[in-house]
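Secondary and tertiary structure notes
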Amino acid sequence: MMEDEARKYLAETALLNFGSGSIQWLVKTRGWSDLSLYARIGAAYDFVRNEINFGYNSADDIPASEVLADGYGQCNTKATLLMALLRALNIPCRLHGFTIHKGLQRGIVPELVYGIAPENILHSWVEVYHQGNWVELEGFILDAAFLKTLQGKFAGQGSPLCGYGAETDCLEAPDVEWNGRSTYIQKTGINADLGLFDSPDAFYRQHRQAITGLKGLLYRSVIRHWMNARVAKIRGGQIPLIPGGPTAHAHQAGGVLARRGDI
């Protein structure tokens, strides 16, 4: 990678505020800067995956330091934090934006309000530059405890799952561990590719979730807290039923990446 190109993938931004005290303190106290490149990526990835629980923040476009302070996040906010940590460790990274079908959030979004949720939800993953290639990282979204509960509940019912924040062809052994290759946990739910972005700031300048006005206020003040309570119950083993079963909506959107032959 040329120096000028690398510079834009290492830059600090308003959302990737890795110069903040809390992020600098985290990196320093964990000793991540002393690790090999491979181990630095893995340390940041594992932290965001398992020490930042799956959950719903007030908005997608919040800075990395706020995600860290919340201690939880979803695909977009966890991606922001992961990117900030990677850049703090001098590792080039970029954002890939998508939309996903809302069916994969069924079981987390209460049925009472599921009907008013947007059909297509903003989604993103992180691409990290490693050994001359861009590696796609999406498997950090669900923390291990949450994922383990889903695996235990649906063991023996077939590998595909669409619901409870996951859409995967292989629930029993999804590619979520950092091993130098791409990781995924919602990829098969993607229905539109919005392209590559140097930063989440650039992504959100072009794309916004279609929850505004009264719906937006209701989401921020009530619905997301309701969803987070359901996430906590699922993590604890209480899994609500989905009408028609958890795989009823699997691949309903077709999957833009599947059509493209990438999965």
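**Focus: the sheet that holds strand β5 (residues 133-137)**
Here 4 strands make up an open sheet; going across it, the order is β5-β4-β3-β8 and the pairing antiparallel. Two strands bound the open sheet, and with one partner strand each, they are β5 and β8 (190-197). This sheet shows a mean twist of 30° between the axes of neighbouring strands, independent of strand direction. Taken together, the 9 bridges between strand β3 (residues 93-101) and strand β4 (residues 120-130) define a ladder with antiparallel strand orientation. Bridging from a neighbouring strand, threonine 99 pairs with leucine 122 of β4.

**What about the confidence of the model for the chain?**
For the chain, the mean per-residue pLDDT works out to 90, and 92% of the residues sit at or above 70. Low pLDDT, under 50, characterises residues 248-263; the stretch is placed with 32 contacts to residues that sit more than four places away or in other chains.

**Notes on the pairing of β3**
With 9 of 9 residues buried, β3 lies mostly within the body of the structure. Burial along β3 is two-sided: the face carrying Cys93, Leu95, Gly97, Thr99 and His101 and the face carrying Arg94, His96, Phe98 and Ile100 are both buried. Relative to β8, β3 runs antiparallel, the two sharing 6 bridges. Bridge pairing in β8 links threonine 99 to alanine 192.

**Examining the nonpolar core**
Counting residues in hydrophobic clusters, the biggest one holds 66 residues, and the most contacted among them are Leu85 and Leu150. Filtering out sequence-adjacent residues up to four positions away, leucine 150 remains in contact with Leu142, Leu161, Tyr164, Ala166, Leu171, Ile234 and Ile239. Counting residues in each nonpolar core, the second largest holds 8 residues, with Phe98, Ile100, Leu104 and Ile190 among its members.

**Things to note about helix α3 (residues 37-51)**
Helix length check: α3, at 15 residues, gives a terminal C-alpha distance of 21 Å against a target of 21 Å (1.5 Å per residue), a fit within 8%. Those residues of α3 that fall on the buried side of the exposure criterion are Arg40, Ile41, Gly42, Ala43, Ala44, Tyr45, Phe47, Val48 and Arg49. Next to the buried residues of α3 lie α2 (21-30), α4 (64-70), α5 (75-88), β4, β5 and α7 (144-153).

**Thoughts on unusual backbone geometry**
The backbone of asparagine 90 shows a phi angle near 65°, a positive value even though the residue is not glycine. As for its placement among the helices and strands, asparagine 90 is situated in the loop between α5 and β3. By relative accessible area, asparagine 90 is classed as exposed at 54%. Even without glycine at this site, glutamine 131 takes up a positive phi of about 55°. Residue position: glutamine 131 is located in the loop between β4 and β5. A relative accessible area of 69% places glutamine 131 in the exposed class.

Rules of the game
- Residues numbered from 1 in each chain as written.
- Predicted model: local features only at pLDDT ≥ 70, side-chain atom pairs only at ≥ 80, totals over all residues.
- Heavy atoms only, no water.
- Pairing = 2+ DSSP bridges.
- Helix = DSSP H or I, 4+ residues; strand = E, 2+ residues; numbered from the N terminus.
- Axes fitted to C-alpha atoms, helices over the stretch in contact; angles between N-to-C directions.
- pLDDT = per-residue confidence, 0-100.
- Contact = heavy atoms within 4.5 Å.
- Buried < 20%, exposed > 50% of the residue type's maximum accessible area, 1.4 Å probe, protein only.
- Core = buried A, V, L, I, M, F, W, Y, C linked by side-chain atoms within 4.5 Å.
- Expected span 1.5 Å × (residues − 1).

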